[in-house]
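The chain contents come next:
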Amino acid sequence: MARENYETHEYDVIVIGAGGAGLRAAVEASAVPGLKVAVISKSLLGKAHTVMAEGGVAASFGNLDHQDSWETHFYDTMRSGHFINNYRMAEIFAKEAPDRVLELETWGAVFDRTPEGRIMQRPFGAHTFRRLAHIGDHTGMELLRTMQYKAIHSGIDVFQEVTMTKLLMANGRVAGAFGYFREDGRFVLFRAKAVILATGGLGRVYKVTSNSWESTGDGAALAFRAGADLMDMEMVQFHPTGMVWPPGVRGILVTEGVRGEGGLLYNAEGERFMQRYDAERMELSSRDVVARAIFREAMAGRGTPHGGAWLDITHKGPDYIKTKLPGMYEQFLTLADLDITRERFEVAPTCHYTMGGVRVDPETCATNLPGVFAAGEVAAGLHGANRLGGNSLSDILVFGRRAGLGARQYLEGMEGGLAAVDEAEIDHEMNRVLAPLTREKGVNPYHVHEQLQEIMTTYAGIMRSGETLQTGLEKLLALKEEAQTMAINGSRRYNPGWHAVFDVQNMLLLSEGIIRSALERKESRGAHWRTDYPDELPDWQQFNFVESFDGDAIHIRKEPVPEMPEHLARLFTYGKAPGLVQTAPGKESSK
Ligand SMILES: Cc1cc2nc3c(=O)[nH]c(=O)nc-3n(C[C@H](O)[C@H](O)[C@H](O)COP(=O)(O)OP(=O)(O)OC[C@H]3O[C@@H](n4cnc5c(N)ncnc54)[C@H](O)[C@@H]3O)c2cc1C
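Residues numbered from 1 in each chain as written. Predicted model: local features only at pLDDT ≥ 70, side-chain atom pairs only at ≥ 80, totals over all residues. Heavy atoms only, no water.

Participant: Explain the domain arrangement of the protein residue by residue, including any values.
Facilitator: By a frequent convention, interface size equals the accessible area lost on bringing the separate parts together. One can read the domain layout of the protein as domain 1 (6-235 + 355-413), domain 2 (240-351) and domain 3 (440-529). Here the C-alpha centroids of domain 2 and domain 3 sit 29 Å apart. Residue-level contacts link seven residues of domain 2 with five residues of domain 3. Surface buried jointly by domain 2 and domain 3 totals about 530 Å² across both partners, of which 79% is contributed by carbon and sulfur atoms. When the area that domain 2 buries against domain 3 is broken down by residue, the three leading residues are D288, R292 and F295, summing to 71%. (Domains from an automatic or database assignment. Contact = heavy atoms within 4.5 Å. Buried area = accessible area lost by both parts, 1.4 Å probe.)

Participant: A description of the environment of G185 should follow, citing residues and the corresponding values.
Facilitator: With respect to the helices and strands, G185 occurs in the loop between β8 (173-181) and β9 (187-197). Sequence separation between G185 and W498 is 313 residues; the distance between their C-alpha atoms is 9.4 Å. Beyond its immediate chain neighbours, meaning those up to four positions away, G185 contacts Y180, R492 and W498. (Helix = DSSP H or I, 4+ residues; strand = E, 2+ residues; numbered from the N terminus.)

Participant: So what's going on with helix α15 (residues 496-520)? Residues and values would help.
Facilitator: End to end, α15 covers 36 Å across 25 residues, agreeing with the expected 36 Å (1.5 Å per residue, within 8%). Where burial is concerned, most of α15 is hidden: 21 out of the 25 residues are buried. (Expected span 1.5 Å × (residues − 1). Buried < 20%, exposed > 50% of the residue type's maximum accessible area, 1.4 Å probe, protein only.)

Participant: Could you give me a rundown of the sheet that holds strand β4 (residues 121-122), with the residues and numbers involved?
Facilitator: The strand order β3-β5-β4 describes an open sheet built from three strands, whose pairing is antiparallel. Each of the sheet's edge strands pairs with one partner strand only, and the pair in question is β3 (57-58) and β4. (Pairing = 2+ DSSP bridges.)

Participant: Report on the packing of helix α12 (residues 423-438) against α15, specifying residues and quantitative values.
Facilitator: Running from amino to carboxyl end, α12 crosses α15 at an angle of 125°, the nearest separation of the two axes being 10 Å. On the basis of the axis angle, α12 is oblique to α15. In this structure, the crossing between α12 and α15 has a hand that is right-handed. Seen from α12, the contacting residues are R432, V433, L434, P436 and L437; seen from α15, they are W498, V501, F502 and Q505. (Axes fitted to C-alpha atoms, helices over the stretch in contact; angles between N-to-C directions. Parallel < 35°, antiparallel > 145°, perpendicular 65-115°, else oblique. Left-handed = near helix turned anticlockwise from the far one by under 90°.)

Participant: Any chance you could break down the confidence of the model for the protein for me, citing the residues and the numbers?
Facilitator: Residues with a pLDDT of 70 or more make up 98% of the protein, whose mean pLDDT is 95. Taken together, the stretch residues 583-591 has pLDDT below 50 and engages in 22 contacts with residues farther than four places along the chain or on a different chain. The ipTM, which scores confidence in the relative placement of chains, is 0.99 for this predicted complex, and the corresponding pTM is 0.95. (pLDDT = per-residue confidence, 0-100.)

Participant: Quick one: what's the story with the pairing of strand β18 (residues 554-560), residue by residue and with numbers?
Facilitator: Bridge analysis of strand β17 (residues 543-549) against β18 gives seven bridges, and the strand direction is antiparallel. Its bridge partner lying in β18, F549 is registered against I554. In sequence, β17 turns back onto β18 through a hairpin of four residues, with G551 there showing a positive phi of about 95°.

Participant: Account for the side chain of R287, with residues named and values stated.
Facilitator: Checked against the element boundaries, R287 lands in helix α8 (residues 287-299). Apart from the residues within four sequence positions on either side, R287 is in contact with F124, Q237, F238, H239, P240, E256, H352, N386, R387 and G389.

Participant: Give me the lowdown on helix α14 (residues 466-482), citing residues and values where you can.
Facilitator: Over its 17 residues, α14 runs 24 Å from end to end, which matches the ideal 24 Å to within 8%, given 1.5 Å per residue. Within α14, burial applies to G466, L469, G472, L473, L476 and L479. Buried residues of α14, seen end-on, are gathered within an arc of 145° and therefore sit on one face of the element. Seen from the open side of α14, the exposed residues pointing more than 90 degrees away from its buried face are E467, E474 and E481. (Arc of directions from axis to C-beta.)

Participant: Quick rundown of the pairing of strand β14 (residues 345-354)? Include the residues and the values.
Facilitator: Counted residue by residue, β14 has ten buried out of ten residues, so it is predominantly covered. Two elements, strand β11 (residues 236-243) and β14, share six bridges in a ladder whose sense is antiparallel. Bridge pairing in β14 places M243 opposite V347. With three bridges joining them, strand β13 (residues 309-312) and β14 adopt antiparallel strand pairing. Note that in β14 the partner of L311 across the bridge is F345.

Participant: Pulling in residues and values, what's your account of the site of the ligand?
Facilitator: Neighbouring the ligand are 39 residues, the closest being T50, G55, E214, E377 and S392. The backbone of A21 places a nitrogen or oxygen atom 2.9 Å from an oxygen atom of the ligand. Contact distances for the ligand include 2.7 Å between an oxygen atom and a side-chain N or O atom of S392. Alone, the ligand offers 1,000 Å² of accessible surface; in the complex the protein occludes 99% of this. (Near = heavy atom within 4 Å. Polar contact = N/O pair within 3.5 Å; in protein donor to acceptor, adjacent residues only side chain to side chain. Areas by Shrake-Rupley, 256 points an atom, 1.4 Å probe, with all protein chains shown as cover.)

Participant: Tell me what's going on with the side chain of D395, and back it up with residues and numbers.
Facilitator: Residue position: D395 is located in helix α11 (residues 391-412). Excluding residues that lie within four positions of it along the chain, D395 makes contacts with F93, Y353, G376, L382, H383 and G400.

Participant: Before we move on, can you summarise the sheet that holds β17 with the specific residues and values?
Facilitator: What the four strands build is an open sheet, ordered β15-β10-β17-β18; its pairing is antiparallel. Two strands in the sheet have a free side with no partner beyond their single neighbour: β15 (357-358) and β18. Here two bridges tie strand β10 (residues 230-231) to β17, and the two strands are oriented antiparallel to one another. Paired with L230 across the two strands is E547, which belongs to β17. In this fold helix α5 (residues 218-226) packs onto β10, β15, β17 and β18, with an angle of close to 70° to the strand it touches most, β17. The strands touched by α15 within the sheet are β10, β17 and β18, with β18 carrying the most contacts at an inclination of about 45°.

Participant: I'd like a description of the packing of aromatic side chains, backed by residues and values.
Facilitator: Under the defined criterion, the tally for this structure stands at 18 aromatic pairs. Between W70 and F74, the aromatic rings sit 6.2 Å apart at their centres with planes inclined by 65°, giving edge-to-face as the arrangement. Here F74 and W70 lie together in helix α2 (residues 70-80), a separation of four residues that amounts to about one turn. Residue classification places W70 among the partly exposed positions, given a relative accessible area of 22%. Between F83 and F572 the ring centres are 5.1 Å apart and the planes differ by 75°, which places this aromatic pair in the edge-to-face class. Of this pair, F83 sits in the loop between α2 and α3 (87-106) while F572 sits in the segment after α16 (566-569); the two residues are 489 residues apart in sequence, bridging distant segments of the chain. Owing to a relative accessible area of 8%, F83 belongs among the buried residues under this scheme. Here a set of aromatic residues connected by ring pairs shows up, and it is made of W70, F74, Y75, F83 and F572. Over the ring of W540 we find K558; its NZ or CZ atom is 4.8 Å from the centre of that ring. When the ring centre of F543 is taken as reference, the NZ or CZ atom of K558 above it lies at 4.6 Å. (Phe/Tyr/Trp six-rings, centres within 6.5 Å; stacked < 30°, edge-to-face > 60°. Lys NZ or Arg CZ within 6 Å of the ring centre and 35° of its normal.)

In structure tokens, the structure reads:
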């Protein structure tokens, strides 16, 4: 094969990903005059997955419920994460979220307001108080618009429609990243002193998903191959309410905002079944509980015609619905020819969020690879076994900023310039990337993706057991073998099939990580529901599962969950959220 050319760019910091986490990181990194920062995205600027976020961003302003505080937000986050969250991440997060949201306002974001002019906050599942600041149901779009505007006026370079396929390390530190322009397939090397991964989650691993095409776990896979640790990979969130009908829209999200604004769930028998699963919180129970409840109702023969539950908000009236949930109203009208102001609709669980991912330091978002940082959905630790609605948007603001700061501090303490790049490694990567185009015969990447989704959904989905996971692993390993020879017709110009090869390779690797971790956790906790171990067991609360990859095999180890200091552990003494009346000591414990 003749040697390919590639173009080279040099930066102090590159940020891979232009979603909320990436843009916030880039703004922070570029705050030091003279620091060269670039953002690289495999989609167009403004199109990142964050744009889809609907319901809101969680921050304890207490604008409507004055008892709210960072302590209560911390409490809710840890409790919903079933206490395998990194407590320090949750503490930083809960304390800093309000400032990050207010900062967005100063950059031009326009939130819905209370009549007194404060930021409006809506209730959401398992948040003790009304906490989600929002812009109708277009919150992500406004956040992204605001940060994009701020970022491009901060002197950041942007590379759009560029897929990074490899993270480069040299002499024990990061050297940059390598990839190609999706438009024409030309190769590009970014040499950098620090790399921030902000590539989002891996929801496309599953057949029914709310996630955008970008969510193929690229950053986690790139980091894993380069030697980074991954954590909590068994924890994949299934959101209770995805669209069900017609088939073409299955999985598209129905925001939790619908339940937040008063929507009620019924089974086929007309029963408000949530009273049997969580009588206190009902529809606003945590996502893992509501998703399992809908799934169980359908399994018990009480499901709707297409295997879900009914969601009904008609009692709120057309004006209210159109004002509070304009996006949902339009979504159903356009995609399902259904008017939600007049009719109930079917919903069922859909893969939604990746709690697991790259393991990071809570203060700086540094990974175990010197010079590599990770923030947002690609990173693990904050959400534990289950993410609360609205906590991702504040996560990307809080830890996007911290990753940018972390990279800056790393550069301050660093000696020497850009690390040397190994040409042989680049040659090898170019050959690897071009190989699917040169193979005469081989398996189609779309076929592999379909098979992968089938395996993961059937054997490692919302409900799993040791037996299904083992079967899934065997099938997955066979598929991985078959996928060695993925082949694609056509050229490098505008060739989505070719792009799919790398997405699929990343998802295959991470799916193995999910299954192996799920096999190890022999209990049910949060999003991880094992029918052979249906109970949450105190012993397993002490551990996270951490994975590493040696280029051949995945190695998994148990690591102790960092112990909460006394002043935080005390918040759980009464079994009630701080801010609610505390009566007698309850059962709940942080241990
Ligand atoms: C429908 C929907 C509604 C949601 N609503 C809410 C909500 O109301 N509140 C809330 O808190 N959360 C919500 N979420 C979750 C939240 O939107 C995401 O978790 C969050 O936006 C993730 O942001 P991120 O910056 O980590 O990654 P993303 O926004 O996913 O951005 C990833 C970026 O990385 C780029 N990228 C990926 N791979 C590569 C590669 N190989 N090379 C180059 N670039 C790459 C992508 O192009 C993209 O720019 C919702 C999610 C969905 C799907």
